Structures are given as C-alpha cells and as structure tokens.
Amino acid sequence: DSQLVIKQLSGEWKTKDPNLAELGDEVRRLLGQLRVRVRYHYVPRQRNSAADRLVNECLDRAERRD
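Rules and cut-offs
Residues numbered from 1 in each chain as written. Predicted model: local features only at pLDDT ≥ 70, side-chain atom pairs only at ≥ 80, totals over all residues. Heavy atoms only, no water. Helix = DSSP H or I, 4+ residues; strand = E, 2+ residues; numbered from the N terminus. Salt bridge = Lys/Arg side-chain N within 4 Å of Asp/Glu carboxyl O. Buried < 20%, exposed > 50% of the residue type's maximum accessible area, 1.4 Å probe, protein only. Contact = heavy atoms within 4.5 Å.

Visitor: Explain unusual backbone geometry to me, using residue names and the numbers behind them.
Guide: One non-glycine residue with positive phi stands out, namely Arg35, at about 55°. Along the chain, the position of Arg35 falls in the loop between helix 2 (18–34) and helix 3 (49–65).

Structural data, given as structure tokens:
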C-alpha cells in the first residue's frame, strides 16, 4: 500500500516488520547519498488512474515472463 510506505519513509509511522524496516533504512541511506530533498505525497488510486494502469501493465508483463 503506497500510503503505508509514504507514512513509514517520512517517519510518521513506525515500521514493525524487520524486513520492511531494513528496506526503509536502505532507501533513506540512498537518498542521503544523492543529497536531494524528497517530499512524499500520497495520491489515492482514484485520482491517479494513469499511474495505476501503468503499474498493472508492468506487473502483468512480469507475470507472463515467469
């Protein structure tokens, strides 16, 4: 869920799952190396149908390759 990821990466919510916490730490480390400022903004699926369609197309293609 994208809202979950945004809240966790922004530090608004804690990450209880150790694997997700490790991935979040890695994301923050990599962003720190890029020396860029990141703003997280959640866009509900209903308001972002183009991105949702693209993601679903990619997932479908990846599934066909397996």
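Alright, that's what it looks like, and here's the rest.
Visitor: Break down the pattern of salt bridges for me, with residues and values.
Guide: Counted according to the given criterion, the structure contains 5 salt bridges. The salt bridge partner of Lys7 is Glu12, with a shortest N-O separation of 2.9 Å. The exposed category is assigned to Glu12, whose relative accessible area is 52%. When the shortest N-O distance is used, the salt bridge between Glu57 and Arg61 registers 3.8 Å. With Glu57 and Arg61 both in helix 3, this residue pair falls 4 residues apart, about one helical turn. On the accessibility criterion, Glu57 (31% relative accessible area) is partly exposed.

Visitor: So what about the side chain of Gln8? Which residues, and what values?
Guide: Of note, Gln8 is situated in helix 1 (residues 2–9). According to the relative accessible area criterion, Gln8 is buried, its value standing at 14%. Not counting residues up to four positions away in its chain, the partners in contact with Gln8 are Trp13, Lys14, Thr15 and Arg28.

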